[in-house]
Amino acid sequence: MSRTRPELSKKNKWYISKHRYYELKHFCLQYPEWVEKYKSAIRYPQGIGNTESPEWNDPTGNSVESMDIWRTKIRKVEEAAFRTDEVLGRYILKAVTEDLSFNAMKMLYEIPCEKDMYYDRYRKFFYILSNS
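**Some words on helix α6 (residues 115–130)**
Under the 1.5 Å per step criterion, the end-to-end length of α6 is 23 Å for 16 residues, consistent within 8% with the ideal 22 Å. For α6, every residue scored as buried is listed here: Tyr118, Tyr119, Arg121, Tyr122, Arg123, Lys124, Phe125, Phe126, Ile128, Leu129 and Ser130.

Rendered as structure tokens:
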């Protein structure tokens, strides 16, 4: 589990409130669920086999609508990660969606930076996500 301090000084360039940080952190931790729901919407359009559903007449439209909801959330997190840093973006994405600490990232993925830079970019990610 990531052990980043939830609240920064208001003077910090990446400041967001503690509660906003937690809101965004939990938002990001849903990312694997969104990916799975997105894939599921592709494989199993809604309404097929459910004759009591009012949407039964348009399972393709319902599937596309569901896919759009999940794809929008997925893209929001991914875009914030890659806007954070071109090199570290993929590491940040992995960390925020799987709740991995710097030490775990260093051991598992040999992240190409040191702790101070990593946490600066980690905080920058949440700042960007908060303002997007």
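Having put the structure on the table, let's press on.
**Structural notes on the nonpolar core**
Ile111, Tyr118, Tyr122, Phe125 and Phe126 are the most contacted members of the largest nonpolar core, which has 30 residues in total. For this core, the secondary structure elements donating two or more residues are α1 (18–28), α2 (31–43), α3 (59–84), α4 (89–98), α5 (102–109) and α6. Top element by residues in this core is α6. It accounts for seven residues.

**So, the packing of aromatic side chains**
This structure, assessed with the given rule, holds 11 aromatic pairs. Note on Phe102 and Tyr118: the rings are 5.4 Å apart at their centroids and 50 degrees apart in plane angle, and the pair reads as tilted. With Phe102 in helix α5 and Tyr118 in helix α6, this pair connects stretches of sequence that are 16 residues apart. Taken together, the ring pairs connect Tyr21, Tyr22, Phe102, Tyr118, Tyr119, Tyr122, Phe125 and Phe126 into an aromatic cluster.

Conventions used here
- Residues numbered from 1 in each chain as written.
- Predicted model: local features only at pLDDT ≥ 70, side-chain atom pairs only at ≥ 80, totals over all residues.
- Heavy atoms only, no water.
- Helix = DSSP H or I, 4+ residues; strand = E, 2+ residues; numbered from the N terminus.
- Expected span 1.5 Å × (residues − 1).
- Buried < 20%, exposed > 50% of the residue type's maximum accessible area, 1.4 Å probe, protein only.
- Core = buried A, V, L, I, M, F, W, Y, C linked by side-chain atoms within 4.5 Å.
- Phe/Tyr/Trp six-rings, centres within 6.5 Å; stacked < 30°, edge-to-face > 60°.

Any functional reading would require information beyond the geometric quantities listed.
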